[in-house]
Number of protein chains: 2
Amino acid sequence: MTREHIESTFRTIQDEICSGLEQLDGKAFFQEDNWQRDGGGGGRTRVISHGTLLEKGGVNFSAVHGELPAALKKEFGADNVQFFATGVSIVLHPVNPWVPIIHMNIRYFEMSSGESWFGGGIDLTPHYVRPQQADLFHQQMKNVCDRFNTEYYPKFSKWADDYFLIRHRNETRGIGGIFFDHLKPESESHKQSIFDFVCAVGRTFVPAYAEQVALNRNLPYGEREVKWQHLRRGRYVEFNLVYDRGTKFGLETNGRIESILMSLPETASWLYNYQPEPGSEEEKTLKYLQKVR
Amino acid sequence: MTREHIESTFRTIQDEICSGLEQLDGKAFFQEDNWQRDGGGGGRTRVISHGTLLEKGGVNFSAVHGELPAALKKEFGADNVQFFATGVSIVLHPVNPWVPIIHMNIRYFEMSSGESWFGGGIDLTPHYVRPQQADLFHQQMKNVCDRFNTEYYPKFSKWADDYFLIRHRNETRGIGGIFFDHLKPESESHKQSIFDFVCAVGRTFVPAYAEQVALNRNLPYGEREVKWQHLRRGRYVEFNLVYDRGTKFGLETNGRIESILMSLPETASWLYNYQPEPGSEEEKTLKYLQKVR
């Protein structure tokens, strides 16, 4: 399988997802920015805002290549190596606080030394955790994994729990999902099978989110729920700026800043030492996220 | 000079500053939280909110000691060493967008191996840069420096420009000020003189800010200025979570999270690829902050 084929399939997946999300939103449309990377390659950033469903969301495609950035030379213990990387990366911040924030990423990395691997995942960040809806989401993640390898879901859902952790608060970012990295093909047929899995993850994104949206988008909300939503978005900002590998990598390698930080919400809030009322929905959510998973 | 003397003077400076800021605000009062650190020592966090002048502000005092945290062992190349650290740290987010955000920190660090040093600084982050007011602020910083050493201001203001830089945007956080670290005494009298300088910096904070406040607190503002204020606060969040050494150190050493993150604003905002109108006050500010300093 050629990198051109992977790149063009990822581009198609971006198209499919944007079209699916526009239908789901019903009002707003994506705006597109094409950009070039100084060292080689570029991307197609698409942003939607002020929709009926989505307050701010980004679906980014990129395919970049060139000399391995200094930050990666160290990590990979490689020098004098050319790289190629392509991926689709998504974060959606909905209007209604009952609708969860969602994140998806699929990526492929290749080095001129011959190594290549895939990575990706989907995770859900409800402002208010509903355990039944969390189970439903996990079931969907399990379904897509099981179609390829029954060892994937147990491994990748644990990986998500470990990765999407706001360490300084001992809180998970949300209810998890799946996360995987460095899936290295051992043969051409193995590469095809991992690629098929990664594409299936990408194509599971819209239907999985649509289900969460359908369950929550018509629930009424007021000031109280919006205040809580903004506080939870504050936590999202903390995770992305302090821990998220993609964000850190982008900042360290002089990526296109507006594409990297399109994951941040339009509005976020921090209150000193805020403690939700005992017994409230807000407290239940906090306890759920703080439990040792 | 004993560490007890430094600690108690810093505590007094916290008292003086809180009292000065309450007078300046005229409505809100500081709430105090005393906390203990697991490894030794603790602190006195004071937070003010929803005042006439200050929307959210924190004035934190701490004096901690114990075994050197792992993160510092590496940095200092030291092992089996006890440390003592005390300091006062402040960030104020005003209500009126014409009034600047301000930050101040003074600190003292001591190791059982015998080394000790002081650090600190004050820097100003106007949402709207007014060059004349920036010059006034710098003049005040120069005045306090010159009373002790005429080499301080040129060195420490450059240090602030280098330190308070949002690298991924190539924007300074604000108009700078002074920043210094690792001022190591070479004798007891030298220690006294550095300590006097550090205390003078602490005691310059309220009058310097009062002047900025007086010039701006009664200026009218509307939705447009508040929107810009929230965007600039977003930049402040980016700096503090990605680059600020004190924040990173606190997060890595399991400090009291609410005291570390009290520097974050109540509300911050991110818009995708926002470009201020050509010729507007917002664009002038951006250009000022983006210029190579």
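In this text the structure is predicted, and so the values were computed from the model without any measurement.

Caption draft 1: Looking closely at helix α1 (residues 3-25) of chain A. All names here are of chain A. Helix length check: α1, at 23 residues, gives a terminal C-alpha distance of 33 Å against a target of 33 Å (1.5 Å per residue), a fit within 8%. Taken as a whole, α1 has its buried residues at Ile6, Thr9, Phe10, Ile13, Gln14, Ile17, Cys18, Gly20, Leu21, Leu24 and Asp25. Next to the buried residues of α1 lie β2 (41-49), β3 (54-67), β4 (82-94), β5 (101-111), β6 (116-125) and α5 (188-216). Just downstream of α1, Gly26 is the residue with a positive phi angle, here 85 degrees.

Caption draft 2: Highlighting the interface of chain A and chain B. Chain A puts 26 residues into the contact, and the matching count from chain B is 26 residues. The contact between chain A and chain B buries some 2,500 Å² in all, and 61% of this surface belongs to carbon and sulfur atoms. Along the contact surface separating chain A from chain B lie 2 salt bridges. Summed over the shared surface of chain A and chain B, the number is 15 residue pairs in polar contact (both at pLDDT 80 or more). Mapped onto the side of chain A that touches chain B, the elements with two or more residues apiece are β2, α6 (223-242), α8 (257-260) and β10 (267-269) of chain A. When residues of the side of chain A that touches chain B are assigned to their parent elements, the largest contribution, 4 residues, is made by α6 of chain A. Residue composition of the side of chain A that touches chain B, by class: 14 nonpolar, 5 polar and 7 charged. Bridge analysis of β10 of chain A against strand β10 (residues 267-269) of chain B gives 3 bridges, and the strand direction is antiparallel. From the neighbouring strand, Ser269 of chain A faces β10 of chain B, where its bridge partner is Thr267 of chain B.

Caption draft 3: Geometry of the side chain of Gln229 of chain A. Structurally, Gln229 of chain A is set in helix α6. Residues in contact with Gln229 of chain A, not counting those within four places in the same chain, are Pro94, Val95, Asn96, Pro97 and His127 of chain A.

Caption draft 4: Geometry of the pairing of strand β2 (residues 41-49) of chain B. Residue and element names in this part refer to chain B. A large share of β2 lies buried, amounting to 7 of its 9 residues. Here strand β1 (residues 31-36) folds back onto β2, and the loop between the two strands holds 4 residues, one of which, Gly40, carries a positive phi near 135 degrees. Bridge count for β2 against strand β3 (residues 54-67) is 9 bridges, and the pairing is antiparallel. What sits directly across from Ser49, in β3, is Lys56.

The rules behind each value
Residues numbered from 1 in each chain as written. Chains lettered and ligands numbered in written order. Predicted model: local features only at pLDDT ≥ 70, side-chain atom pairs only at ≥ 80, totals over all residues. Heavy atoms only, no water. Helix = DSSP H or I, 4+ residues; strand = E, 2+ residues; numbered from the N terminus. Expected span 1.5 Å × (residues − 1). Buried < 20%, exposed > 50% of the residue type's maximum accessible area, 1.4 Å probe, protein only. Contact = heavy atoms within 4.5 Å. Buried area = accessible area lost by both parts, 1.4 Å probe. Salt bridge = Lys/Arg side-chain N within 4 Å of Asp/Glu carboxyl O. Polar contact = N/O pair within 3.5 Å; in protein donor to acceptor, adjacent residues only side chain to side chain. Nonpolar A, V, L, I, M, F, W, Y, C, P; charged D, E, K, R; others polar. Pairing = 2+ DSSP bridges.

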